[in-house]
Amino acid sequence: MKKYICIPCGYIYDPAIGDPDNGIASGTAFADLPADWLCPICFVGKDEFEPAKD
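Thresholds applied
- Residues numbered from 1 in each chain as written.
- Predicted model: local features only at pLDDT ≥ 70, side-chain atom pairs only at ≥ 80, totals over all residues.
- Heavy atoms only, no water.
- Helix = DSSP H or I, 4+ residues; strand = E, 2+ residues; numbered from the N terminus.
- Buried < 20%, exposed > 50% of the residue type's maximum accessible area, 1.4 Å probe, protein only.
- Contact = heavy atoms within 4.5 Å.
- Phe/Tyr/Trp six-rings, centres within 6.5 Å; stacked < 30°, edge-to-face > 60°.
- Lys NZ or Arg CZ within 6 Å of the ring centre and 35° of its normal.

With respect to the helices and strands, C39 occurs in the loop between β2 (12-13) and β3 (49-51). C39 gets classed as buried once you look at its relative accessible area, which sits at 0%. Along the primary structure C39 and P51 are separated by 12 residues, whereas in three dimensions their C-alpha atoms are 14 Å apart. Those residues in contact with C39 that sit more than four places away from it in its chain are C6, C9, Y11, V44 and F49.

Right, here's the structure in full:
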């Protein structure tokens, strides 16, 4: 699964890790995150993320 990076702050969402502090289990693809999920660092929405370049 692809990682996604937050454009404003650089946080990388890694599906292998998920976002356990916010109830997102490991193995959750970025596309499967809830529509109201926010970056845990700067609190922007999913529309502020882009696929990370590996």
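Given two aromatic rings, their pairing is described by the distance between the two centres and the angle made by the two planes. Considering all chains together, one arrives at 7 aromatic pairs under this definition. Plain terms: the ring middles of Y11 and F49 are 6.5 Å apart, the flat faces sit at 85 degrees to each other, and that makes the pair edge-to-face. Note that Y11 is positioned in the loop between β1 (4-6) and β2 and F49 in strand β3, a separation of 38 residues in sequence. The exposure classification of Y11 matches that of F49, with both residues buried. A centroid spacing of 5.4 Å and a plane angle of 40 degrees characterise the contact between F30 and F49, whose relative ring orientation is tilted. Taken together, the positions of F30 in the loop between β2 and β3 and F49 in strand β3 put the pair 19 residues apart, joining distant regions of the chain. F30 gets classed as buried once you look at its relative accessible area, which sits at 9%. On the basis of relative accessibility, which here comes to 8%, the residue F49 falls in the buried class. The ring centre of F30 lies 5.3 Å from the NZ or CZ of K46, which sits over that ring.

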